[in-house]
Amino acid sequence: MSEQKGLEAYAEIRFLAPEECRFEESPGGLLVLHVDGERYESVAVHRAFPFTYGDDYLSVRDKEGNEIGMIKTLKVFDEQTQTLIRKELERRYFVPTITRIDRIKEEFGYGYWEVQTDRGPRRLTIRGVHESVIPIGEERVLIIDVDGNRYEIPRLSDLDPKSYKLIDQYLV
Amino acid sequence: MHTTEPIPAQVESLLNAHGVQLPSLHLLLATDMTLTGHYSESWLGVDDKYVYMISPSPSYEQNGRSAGPGASLRFETYPLADIEEVRSVNMMGNGMLVLRTKQTEFVLCRYSNTRAKQLGQFAKIVNKLAKGEALEAEDFEDPRAEVACPKCGQLYPDQNRKVCPKCVDRRSVFLRVLSFVPRYKTQIALILFFMLAGVALNALNPYIQGVILFDEVLAEDGKYHGRLVEMVFVIAGLQLVSLLTSIMHARINAQMTAEVVRDLKVEVYAAMQRLSLGFFTKRQTGSLMTRVNDDAMNLQYFFHDGLPFFIVNCLQIIAIVTVMLRLNWQLALVLLVPAPAIVWFVAKVYPKLWKIFTRRHMKNRALNAVLNDTLTGFRVVKAFGREDAEIDRFEVRNLDVYDVSLAEGRMKAILFPTMSMLMSLGGFVVWALGGAQVLTGALTFGTLMTFINYLGMLYGPLEFMTHIVDWWTHCMNAAQRIFELLDAQSDVPEAANPVRLPAIRGEVEIDNVTFEYEPNKPVLRDINLHIKPGEMIGLVGHSGAGKSTITNLISRLYDVTEGAIRIDGVDVRDASVADLRRQIGMVLQEPYLFQGSIAENIAYAKPDATPEEIILAAMMANAHYFIVNLPDGYDTVIGRRGHNLSGGERQRISIARALLHNPRILILDEATASVDTETERNIQEALERLFEGRTTIAIAHRLSTLRDADRLVVIEKGQIVEVGTHAELVKKRGVYYNLLQKQREALKIGVKIA
């Protein structure tokens, strides 16, 4: 056996550094990336660790879904680029925050919820309970409806008493 | 014009104001989201010349309010002539339509997952119109038609589960559950009889031990004064009869319970076998297993505990209250005073206790999951030396269980004493008031004792009644889920008058096939392939290109989304499924062998095969030699606790199985991927015998395996990119050639390492 080499010796992550690339928004509202003299139209930004690292370790992909490179952390980019990429992330990861629960009606193992979100009022349908209302840690709750839409309650303790009482029955 | 929802007058008048009349539109539909990601309706329409977009004006979006009536709307048009393509981009929880013209590309609209299907359809129609293609009726097939309840038109809450909660009312489910009753009517009648007898005896007991014993036997002026021995015999006799009834009741009950569960499980299991592969892949196997087991169990409670107990408890409450009222109505009324307090307490506190029960159940399940995980994966744990980490992981879950058990214990410690205290409250009242009445002579001592005994008997049924709602919901949900399975339609239904195909020649025609597992995500696009009888086709391409999907469509494990697959000129959707399956054989990468002997496994598709046939099939599969070498030969039991076979051996058994099945069309999906080269040669030989005279479609990563194929079909990203013989494709220096080069290089590296 020869000397031990780290994994870096065999594979490489292409991290995009702020000085070598430029992000801009197209007039049509799509994200454009200039890097290595290339122009990529309509790039997508995926979170590699949506729960644990959030805005770190982002994968930037071209229209076909091939990875152009990764962003280790957004912090190293200038304000404007950060805003642009955050906007793109917000579009890709559409998870409205539930601010209030008005009503929950249950019928046949389905829950019909009427809620207020930061994106406006919404009616949603969830199936079962335990697979659809998922506590993450002590305070955060993720709700997935039958269509696969996601909603979030970032802090349970911020809910008003009535809403809390309504959701409490689902939190075992 | 097609539309799937009522059009607001405001939208219509805005269209009219721009000179667009509704009838001239091909399609008009709503999305539920604005470009900035707020919930609000926007409308999209398309006619022969333009795409129209009606959306709330920006000021409304910024406020995050939905556009109510009177909100100002923005009207935009995009000429079809400029549009090159509209594509739908699926993201997390939402998607967007991106419109591309010659000059630019922009986001036309966004939509939540709820409307993904409809918007995908819109994109398809616009693309067709932009290309100048004619629209067909099937383009407009209402994506809601299959997902809305045919009775009331309401969308199913869950598109994968076609149950309309509005139309399936609980009463009909209840009636359907009751329809199971006649099957067990003797048992249920007997159970009811013994239960009633038990109730009657129980209700009699306090009376005899109270009024009769104290007032008639022990009291000086009693009717049976002094006949104590006889009295004791009567009481003991009654207890004996009571014991006998409860034994009978329990026995019949146990028997019926077992029967109900058995019958239900068989029905559910048979229903599941009829369903298509899609049904199983959409749901986790685990949840289906729970469904068979737990739901049958839950429904069993209905017959076992629920219905009889409900009837008996109702009767018991009525009987006791009546008796008490008749004995002494004033005292009875006083007694009932604390009853509401108890009911209130139970209704308030018990749900908390149930919640803790559920929580403990969940935590226990999590603990079991860890156990199951590490015990099945113990080789990995040992190999990576992670024993300590696993102990920690277990400890975390274990601690959770401990915590919740502790909470449960504490709660019970408070709850139950409080409860019995509340219950004895009634007793105190009786002692005080009744005692006073006894002193004044208005009440006999026996009646007082009777009262107190009855009181004790009242609380059990009362407590039962407090969770009757819970129990009812539980049972009905379980029943509903079971019926849903019993009623579920296969995604690949047999045609009404299936075309019989007793002996096919093996001609396969794939005609313009598009297939998607999920809306807007085609896995195969515009596949055209004509396979002649007896031809051997090799499907080549990267993993995930859609090769296996093609074979799944040919054997009709799924149905095409668009286009058609014809075997001998007959659309597989019109053909008899049984005929089809009988003549299509599959050998898969991971050969699944069922528990049973090798002979049984080989004869799986032909249970009446003779030993000679089994041996011949094994010989052709190069399996005979190793099988006979096994101590138990063809009777060797495989599977759990059975003999362990190597990958190549299992594979050869599965080939023998396919050989005995003698299909006209043979599908090999990576049949030799998991075996070494020596074994592969062995299997290859066997396969060549298998190919003769049959249409063969083979998928293999090792391209060398497919050299002898009549034609190779190269698939990339769901489309056919190259077709030809090995030699032709090598000459062409295209995709196949590249794949080949890469594999050769990989092989060279392999040699170097060795």
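Residues numbered from 1 in each chain as written. Chains lettered and ligands numbered in written order. Predicted model: local features only at pLDDT ≥ 70, side-chain atom pairs only at ≥ 80, totals over all residues. Heavy atoms only, no water.

(A) Geometry of the packing of aromatic side chains. Residues and elements named next belong to chain A. Applying the stated criterion to the full structure yields 11 aromatic pairs over all chains. With centroids separated by 5.1 Å and ring planes inclined at 75°, the aromatic side chains of Phe49 and Tyr53 adopt a geometry described as edge-to-face. Looking at Phe49, the relative accessible area reads 37%, which means it is partly exposed. Judged by centre distance (5.4 Å) and plane angle (70°), the ring pair of Tyr53 and Tyr57 falls under edge-to-face. By relative accessible area, which is 25% here, Tyr57 ends up partly exposed. (Phe/Tyr/Trp six-rings, centres within 6.5 Å; stacked < 30°, edge-to-face > 60°. Buried < 20%, exposed > 50% of the residue type's maximum accessible area, 1.4 Å probe, protein only.)

(B) Region of the structure containing the side chain of Gln187(B). Examined against the element boundaries, Gln187(B) turns out to sit in helix α5 (residues 185-218). Those residues within four positions of Gln187(B) in sequence are excluded, and the remaining contacts are Ile252(B), Gln255(B), Met256(B) and Glu259(B). (Helix = DSSP H or I, 4+ residues; strand = E, 2+ residues; numbered from the N terminus. Contact = heavy atoms within 4.5 Å.)

(C) Inspection of the interface of chain B and chain A at higher detail. At the junction of the two partners, chain B supplies 40 residues and chain A supplies 37 residues. Across the chain B to chain A interface the summed buried area is about 3,400 Å²; carbon plus sulfur atoms make up 53%. Our enumeration of links across chain B and chain A arrives at two salt bridges. Every element with two or more residues in the side of chain B that touches chain A is listed here: β2 (27-33), β6 (83-90), β7 (94-101), β8 (105-112), α4 (170-178), α10 (338-376) and α14 (468-487) of chain B. Here the side of chain B that touches chain A takes five residues from β8(B), the largest share from any one element. (Buried area = accessible area lost by both parts, 1.4 Å probe. Salt bridge = Lys/Arg side-chain N within 4 Å of Asp/Glu carboxyl O.)

(D) Quick look at empty space enclosed by the protein. Residues and elements named next belong to chain B. Tallied over the entire structure, the rule returns five cavities of 30 Å³ or more. As a volume, the largest cavity reaches approximately 90 Å³. What lines the largest cavity is a set of 14 residues, and nearest its centre among them are Leu668, Leu687, Ala698, Ala700 and Thr705. Counting only elements with at least two residues in the lining of the largest cavity, the list comes to α21 (677-691) and β18 (695-699). Ranked by residues supplied to the lining of the largest cavity, first place goes to α21 with three residues. Among the residues making up the lining of the largest cavity, the classes are represented as 10 nonpolar, three polar and one charged. When its volume is computed, the second largest cavity comes out at roughly 60 Å³. (1 Å grid on protein atoms, 1.4 Å probe; cavity = no way out; pocket = protein on both sides within 12 Å on 5 of 7 lines; lining within 4 Å. Points joined across faces, edges and corners; volume = space filled by probe spheres on them. Nonpolar A, V, L, I, M, F, W, Y, C, P; charged D, E, K, R; others polar.)

(E) Geometry of the packing of helix α9 (residues 329-336) of chain B against helix α12 (residues 387-440) of chain B. Residues and elements named next belong to chain B. Where α9 meets α12, the closest approach of the two axes is 9 Å, and the angle between their N-to-C directions is 150°. When the axes of α9 and α12 are compared, the pair comes out roughly antiparallel. Handedness of the crossing formed by α9 with α12: right-handed. Where α9 approaches α12, its residues Leu331, Val334 and Leu335 are matched on the opposing element by Gly426, Val429, Val430, Leu433 and Gly434. Looking at the contact of α9 with α12 residue by residue, the class counts come to six nonpolar, two polar and no charged. (Axes fitted to C-alpha atoms, helices over the stretch in contact; angles between N-to-C directions. Parallel < 35°, antiparallel > 145°, perpendicular 65-115°, else oblique. Left-handed = near helix turned anticlockwise from the far one by under 90°.)

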